[in-house]
Amino acid sequence: MIFRRIGRLKYKYAFIYTPMNSISKPVRREEVCSVAAARRVAAMLDLDPATYPEGTALPRGWHFFLLAADTRRSEIRQDGFAGLGVPMPDLGLPRLLLGARTVCWRGDIPIGASLLRESTIRDIAHKVTKSGPMALVKVAHALRVAGDTEPALEETQTYMLLPQREPGAEAERATPYVTVQADRMSTVVPDETMLFQYSALGFNTHKIHIDKSYARDVEGFPDLVVNGGLTTLLLTEFLRRDLGVAPVAMKARYLAPLFCRRQVTLGADRAEAGWQLRAFNDNGRPAVEMEIDIQ
């Protein structure tokens, strides 16, 4: 059965909700938090790989490579995205962007440990907006260390599926620079090497991250788009290394794209339950907002 709730299309959108049990069955697979993968994440972050030996806890936020898909080349989406870890229905919407992410850590994952992973499409919401039809797809993952009864980590990713658009539709508008204000700040400039390494570690072949001509001529972006997951990692690393904080829960919203070779400012402010983190683009506008719970 499909439940429908139709909003006021004139002002907002039409909304259709499809229950989880009519979408997908869980995909279960074995994973290994390999020493090699952890060392390569460290190298990408310009850290000493030797300081992350087997048996030590994988830093919280580094687990992204354990959620990678293993989609065959013949089954990869037209935009190059290798998949969400579970079979994806054809919704007739060729463009895909990350919209939100939540993570709950219930324990640490030892480097070198074997894990059991379960992934499923939790729900699909169809919308009709002023820009046309779109869909929100929520994919839930759980990672359980072999021998444990409860997951060490649970994550839900929300992706936006969008229709094709004309080249140049994402033309940049001149916006005045806004001074970033935060209790603690740091800056980073993601370059082509960092985007490639992150994409390779996560088996993410989405063309907007690795093919500049596709990003520009097909998707209409001015340059390669920084992976939403990479921005998440940079923020959690800022939390870990600069603030000395280990999160127990995280909720992120991706508001606007960030682009290769442009400065990203990371800001942190204390909040009631933990920290409020944000990533600002080179004009000082927030691109990612993240709530961190440390209790």
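Please refer to the structure placed before this passage.
For the structure given in this document, a descriptive report is provided here. (Residues numbered from 1 in each chain as written. Predicted model: local features only at pLDDT ≥ 70, side-chain atom pairs only at ≥ 80, totals over all residues. Heavy atoms only, no water.)

## Regarding the environment of Arg241
Okay, step 1: With respect to the helices, strands and loops of the structure, Arg241 is situated in helix H5 (residues 228-242).
Okay, step 2: Since its relative accessible area comes to 45%, Arg241 is described here as partly exposed.
Okay, step 3: Here Arg241 is in contact with Leu45 and Leu47, once residues within four sequence places are set aside. (Helix = DSSP H or I, 4+ residues; strand = E, 2+ residues; numbered from the N terminus. Buried < 20%, exposed > 50% of the residue type's maximum accessible area, 1.4 Å probe, protein only. Contact = heavy atoms within 4.5 Å.)

## What about the packing of aromatic side chains?
Okay, step 1: Scanning the entire structure with this criterion turns up 5 aromatic pairs.
Okay, step 2: On the numbers, 4.8 Å between centres and 45° between planes, the contact of Tyr52 with Trp62 is tilted. One end of the pair, Tyr52, is in the loop between helix H1 (35-44) and strand E4 (95-105); the other, Trp62, is in the loop between H1 and E4, with 10 residues separating them in the sequence.
Okay, step 3: Pairwise contacts between aromatic rings join Phe64, Phe65 and Tyr198 into one cluster. (Phe/Tyr/Trp six-rings, centres within 6.5 Å; stacked < 30°, edge-to-face > 60°.)

## Observations concerning unusual backbone geometry
The phi angle of most residues is negative, glycine excepted, and most peptide bonds adopt the trans form.
Okay, step 1: Unusually for a residue other than glycine, Asp46 sits at a positive phi of about 65°.
Okay, step 2: Along the chain, the position of Asp46 falls in the loop between H1 and E4.
Okay, step 3: We classify Asp46 as exposed; its relative accessible area is 71%.
Okay, step 4: For Phe203, which is not glycine, the phi dihedral falls at a positive 50°.
Okay, step 5: One can find Phe203 in the loop between helix H2 (192-201) and helix H3 (207-210).

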